[in-house]
Amino acid sequence: MVSRAETFRALHRHRLPGDPLVLPGPWDAASARVFADAGFPALATPSAGVAASLGYEDGRTPADEMFAAVARITRAVDVPVSADVEGGYGLPPGELVGRLLEAGAVGCNLEDSVNGVLKDPRRHADWLAEVCSEAAGLLFVNARVDTFLRGVADPGQTVARAALYVAAGADCVYPIDAPVEVLPLLRSGIEGPVNINGTVDGSGPSPAELGKRGATRITFGPGLQRRAAQALRGIAAELPKP
């Protein structure tokens, strides 16, 4: 029997240009069901969206609450779910992997900056290697590269970090906030799948266009949760007031 992790990993293989894997980001069980019922083959939780649903600022969610939220999402759907667990909450690699698997996740996002500062890439690669070793293929590790997010505009530094993380065992690299114009350069320099953040308001390139420029998969961060909240504010404004 094929596991959900194997199913999720297979979704990243042999993607054609212009046909990236689109992974909506559920923030709770209800939104997860909506995306699964719409036919998406897998989902990827956004830490900021989950934080908002739990009443926390981005980056302030206690680890126990984040894992519990991920578990509620994975129980609600039959498709694979990857979880954004920020920087790993300071957990040892074995415990981090164990908690992700216990929550039902088949993958994870792990970022390479803390408190707004980029980590030493070699030390981070060593830590990623430990995570991948503990996961033993049961988790699809998406290594987020925060260079552009932290103001480092040189694509070469992004590619260099990506190479270290792929060598450490990461299954995918996520150069968050990478400018659209540098995507072909990143694609040519990065081995393996590349995750790019898309937009949900039509302000940026479509997933198909991002795929043509080099994206293997598209995620949306907290964009979907924020758009849903905006729609709910509009509904609330139309309700009769006491």
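Everything below is about the structure shown above.
Enquirer: Outline the pattern of salt bridges, supporting the account with residue identities and numerical values.
Expert: Within this structure, the stated rule accounts for eight salt bridges. Close ionic contact of Glu111 with Arg144 constitutes a salt bridge, the shortest N to O distance being 3.4 Å. With Glu111 in strand E4 (residues 107–111) and Arg144 in strand E7 (residues 140–145), this residue pair connects regions lying 33 residues apart in the sequence. A residue is classified by how much of its surface remains accessible, and Arg144, at 10% relative accessible area, is buried.

Enquirer: Can you explain the sheet that holds strand E10 (residues 217–219)? Please cite residues and give values.
Expert: Spatially, the three strands line up as an open sheet ordered E1-E10-E9, and their pairing is parallel. Both outer strands of the open sheet, strand E1 (21–22) and strand E9 (195–197), are each paired with one neighbouring strand and no more. When E9 meets E10, the two strands line up parallel, connected through three bridges. Each residue of the ladder has a partner; that of Asn197, found in E10, is Thr219.

Enquirer: Break down the sheet that holds E4 for me, citing the residues and quoting the values.
Expert: Sheet architecture is open: five strands sit in the order E2-E3-E4-E7-E8, paired in parallel fashion. The open sheet is flanked by strand E2 (43–44) and strand E8 (172–175), the only strands paired with a single partner. Sheet analysis places E4 next to E7, joined by five bridges and oriented parallel. Along E7, the bridge assignment pairs Leu110 with Ala143. Here helix H7 (residues 155–167) sits on the sheet and contacts E7 and E8; the angle it forms with E7, its principal contact strand, is near 155 degrees.

Enquirer: I'd love a proper account of the pairing of E7, names of residues and values included.
Expert: Residues in a regular strand point their side chains to alternate faces of the sheet. In terms of burial, E7 is a largely internal element, six of the six residues being buried. What you see with E7 is no split at all: Phe140, Asn142 and Arg144 on one side and Val141, Ala143 and Val145 on the other are buried throughout. Bridging between E7 and E8 involves four bridges; their strand directions are parallel. By the bridge assignment, Ala143 is partnered in E8 with Val173. Traced from E7 through H7 to E8, the parallel crossover comes out right-handed.

Enquirer: Now, about the pairing of E4: what can you tell me, with residues and values included?
Expert: Of all five residues that make up E4, five are buried, and the element is covered over most of its length. Burial along E4 is two-sided: the face carrying Gly107, Asn109 and Glu111 and the face carrying Cys108 and Leu110 are both buried. Judged from the three bridges that link them, strand E3 (residues 81–84) and E4 form a sheet pairing that is parallel. Bridge assignment links Asp84 to a residue of E4, and that residue is Asn109. In this fold, E3 hands off to helix H5 (residues 93–102), which returns the chain to E4; that crossover is right-handed.

Criteria and cut-off values
- Residues numbered from 1 in each chain as written.
- Predicted model: local features only at pLDDT ≥ 70, side-chain atom pairs only at ≥ 80, totals over all residues.
- Heavy atoms only, no water.
- Salt bridge = Lys/Arg side-chain N within 4 Å of Asp/Glu carboxyl O.
- Helix = DSSP H or I, 4+ residues; strand = E, 2+ residues; numbered from the N terminus.
- Buried < 20%, exposed > 50% of the residue type's maximum accessible area, 1.4 Å probe, protein only.
- Pairing = 2+ DSSP bridges.
- Contact = heavy atoms within 4.5 Å.
- Axes fitted to C-alpha atoms, helices over the stretch in contact; angles between N-to-C directions.
- Right-handed = clockwise from strand over helix to strand, strands pointing away.

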